[in-house]
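A look at the structure
Listed here are the chains, written in short residue letters.
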Amino acid sequence: ISDLGLSICQHYNIRIGSIMIVMNIVENVSLRKHSAMRLGGETRFFAEAASEDELKKLVDWAKEQVVPIVVIGEGSNIIWRDEGFSGLVISNRITDRQVLDEDDNHMTIRVGAGEVWDSVVEWTVKKDLSGIEFLSAIPGLAGAAPIQNIGAYGAEISQSLVELSALDTHSDDFITIKNKACGFGYRTSRFKTSDKGRFIITSITLRLNKAGPAPPFYESLEAYFKKHKIKSYTPRTIREAVIAIRAIKLPSPAKVANNGSFFTNPIIPKNEFAKLQQKYPDIKGWPHGDNVKVSAGWLLEEAGFKGVHDEETGMATWPAQALVLVNEHANTTTDLLAFKQKIQTKIYQMFGIVLGQEPELLP
Ligand code: EPU
């Protein structure tokens with residue numbers, strides 16, 4: 001466990017019924033290592049689950065001890081409160097990769113929730129499958145992907161996901177949840193709203209296409225292809241383009257503490273957008289059903305928040321994409337939330353829009 005930088009490693013004897021087993025549950029662990037924003041307090045208990053069996057045992061133990069549970073991947077989209085957590089944090093590390101089914105046009109694959117998302121994408125692209133290549137280089141683990149319905153460059157995981165497996169902590173059963181029952185929307189699902197905390201995702205099943213991706217593509221992808229005179233659209237060329245664009249626009253969480261987009265793009269009625277257009281002719285937005293999805297990045301830039309360094313809180317916004325908040329030298333989550341509030345207040349004053357937060361604040 002030295003790679004986690006933990007000082008105390010306790011072997012807990014867990015009794016489940018009449019069976020005694022030994023699990024590595026570590027006490028008093030800093031949660032900073034488990035958030036890409038690198039802020040927050042300590043958790044009373046921390047453990048990794050490498051299999052469904054281990055996961056079930058940890059959940060049973062926590063129930064027996066009457067200790068609350070939070071399940072995480074590797075913390076890419078998580079912010080921990082400074083108060084920390086007086087329960088058990090389980091990092092889901094269940095790995096598995098299977099090809100379940102194949103016909104002339106599709107391949108169906110299942111991957112464990114603890115697989116690194118981008119290596120899953122790489123694996124499918126090597127098989128020349130199309131569907132998730134647009135979601136290249138998104139940080140985090142596969143099991144976290146459906147929770148916020150990850151999306152980029154015109155694709156969302158909800159378009160490829162057939163179903164997922166999960167441990168239902170209400171019934172203590174492993175169950176299957178079909179796509180239609182996941183409650184997917186723009187950057188949301190039932191797993192972060194009505195059923196938050198209830199299901200622990202253990203695997204996801206994706207149906208991918210053997211036919212290649214076809215234009216028209218998302219604006220910045222089209223621009224990239226034009227600039228580089230690329231006319232062959234394959235999962236591989238899309239993946240390479242997405243990786244190149246992301247490298248220019250977004251900071252790597254390995255080098256710079258950040259959670260990617262900090263705000264979601266607000267969805268507002270058409271007439272409100274039209275009013276804003278009168279005052280701000282350059283405002284960016286895209287039709288979204290009967291509404292308009294407004295570029296939060298544009299709002300932030302217009303409000304003067306692109307590439308700012310906030311000395312008071314130690315927080316900043318990324319110079320190439322204002323939507324990304326970075327922790328330069330903040331000490332606490334309170335600092336981050338103060339900076340967030342500053343931005344939200346200004347955006348509300350200027351545009352009458354309340355910006356929604358994208359990363360999850362825990363517990
Ligand atoms: N824009 C600005 N200023 C900025 C940023 C953006 O004016 O500082 C304008 C640009 O004109 C640009 C447009 O907004 O053309 C859209 O920007 P971008 O393509 O970067 O997309 P986004 O809407 O800001 C979303 C996702 C990203 C995803 C990109 C690419 C959300 C909250 N964010 O950002 O996801 O990578 O599209 O598809 O939906 C993430 O969730 O962590 C994330 C990075």
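Reference entry: report on the structure contained in this document.

Secondary structure summary: the chain contains seven helices and 21 strands in total. Viewed in the frame of its principal axes, the chain has a C-alpha envelope of about 70 × 60 × 35 Å. Buried positions account for 49% of the 363 residues belonging to the chain. Nonlocal contacts in the chain, meaning residues at least 24 apart in sequence, comprise 59% of its contacts between residues at least 6 apart. As presented, the chain carries roughly 17200 Å² of accessible surface, and 49% of it is formed by carbon and sulfur atoms. Across the chain, the 41 positively charged side chains and the 43 negatively charged ones have centroids separated by 4 Å.

Okay, the site of the ligand next. Close contacts around the ligand come from 24 residues, with Y153, Y186, R187, E301 and Q321 the closest. One of the backbone nitrogen or oxygen atoms of Y153 is found 2.6 Å away from an oxygen atom of the ligand. Contacts to the ligand include R246, whose side-chain N or O atom sits 3.4 Å from an oxygen atom. Isolated, the ligand exposes 810 Å² of accessible area, and the fraction of that covered by the protein chains is 87%. Elements supplying a minimum of two residues to the shell around the ligand: helix 4 (235-249), strand 14 (257-261), helix 6 (296-302) and strand 20 (321-327). Considering only residue class, the shell around the ligand consists of ten nonpolar, seven polar and seven charged.

So, on to the pairing of strand 6 (residues 85-92). Counting buried residues in strand 6 gives seven out of eight residues, a clear majority hidden from the surface. Here strand 3 (residues 42-49) runs beside strand 6; their pairing, made up of six bridges, is parallel. Within strand 6, the residue paired with E48 across the bridge is S91. Two strands pair when backbone bridges link them, and strand 4 (residues 69-72) and strand 6 are joined in this way by four bridges, in the parallel orientation. The partner of I69 across the bridge, within strand 6, is L88.

Quick look at the nonpolar core now. Counting residues in each nonpolar core, the largest one holds 40 residues, and the members touching the most others are W117, L135, I157, I204, L206 and L221. Looking at this core, the elements with two or more residues in it are strand 8 (106-112), helix 2 (117-126), strand 11 (161-168), strand 13 (199-209), helix 3 (219-227) and helix 4. Not counting residues within four places of it along the chain, the set of residues in contact with I204 comprises I109, R110, V111, W117, A142, P146, I157, L161, E163 and L164. Formed by 30 residues, the second largest nonpolar core is a distinct cluster that contains L300, A322, I347 and I353.

A separate point is the side chain of R239. Locating R239 in the fold gives a position in helix 4. A relative accessible area of 10% places R239 in the buried class. The residues touching R239, leaving out its near neighbours within four places in the chain, are D118, V121, E122, V125, E133, S136 and A137.

Looking now at the sheet that holds strand 13. Read across the sheet, five strands follow the order 7-8-13-11-12 without closing on themselves; strand pairing throughout is antiparallel. Because the sheet does not close on itself, it has two edges, and the strands there are strand 7 (97-102) and strand 12 (173-178). Put simply, the sheet's adjacent strands are angled 20 degrees from each other on average, direction ignored. Relative to strand 13, strand 8 runs antiparallel, the two being bridged by seven bridges. Residue pairing across strands places M107 opposite L208, the latter belonging to strand 13. The strands touched by helix 1 (residues 52-65) are strand 11, strand 12 and strand 13; relative to strand 13, the strand with the most contacts, the crossing angle is about 150 degrees. The strands that helix 2 touches are strand 7, strand 8 and strand 13; relative to strand 7, the one it contacts most, it runs at about 40 degrees.

A few words now on helix 4. Between its terminal C-alpha atoms helix 4 stretches 21 Å, which fits the 21 Å expected from 15 residues at 1.5 Å a residue. All of the buried residues along helix 4 are P235, T237, I238, R239, A241, V242, I245 and R246. Buried-residue contacts for helix 4 involve helix 2, strand 9 (151-152) and helix 3.

Conventions and cut-offs
Residues numbered from 1 in each chain as written. Predicted model: local features only at pLDDT ≥ 70, side-chain atom pairs only at ≥ 80, totals over all residues. Heavy atoms only, no water. Helix = DSSP H or I, 4+ residues; strand = E, 2+ residues; numbered from the N terminus. Buried < 20%, exposed > 50% of the residue type's maximum accessible area, 1.4 Å probe, protein only. Contact = heavy atoms within 4.5 Å. Areas by Shrake-Rupley, 256 points an atom, 1.4 Å probe, with all protein chains shown as cover. Lys, Arg positive; Asp, Glu negative; His and termini not counted. Charge placed at Lys NZ, Arg CZ, Asp CG, Glu CD. Near = heavy atom within 4 Å. Polar contact = N/O pair within 3.5 Å; in protein donor to acceptor, adjacent residues only side chain to side chain. Nonpolar A, V, L, I, M, F, W, Y, C, P; charged D, E, K, R; others polar. Pairing = 2+ DSSP bridges. Core = buried A, V, L, I, M, F, W, Y, C linked by side-chain atoms within 4.5 Å. Axes fitted to C-alpha atoms, helices over the stretch in contact; angles between N-to-C directions. Expected span 1.5 Å × (residues − 1).

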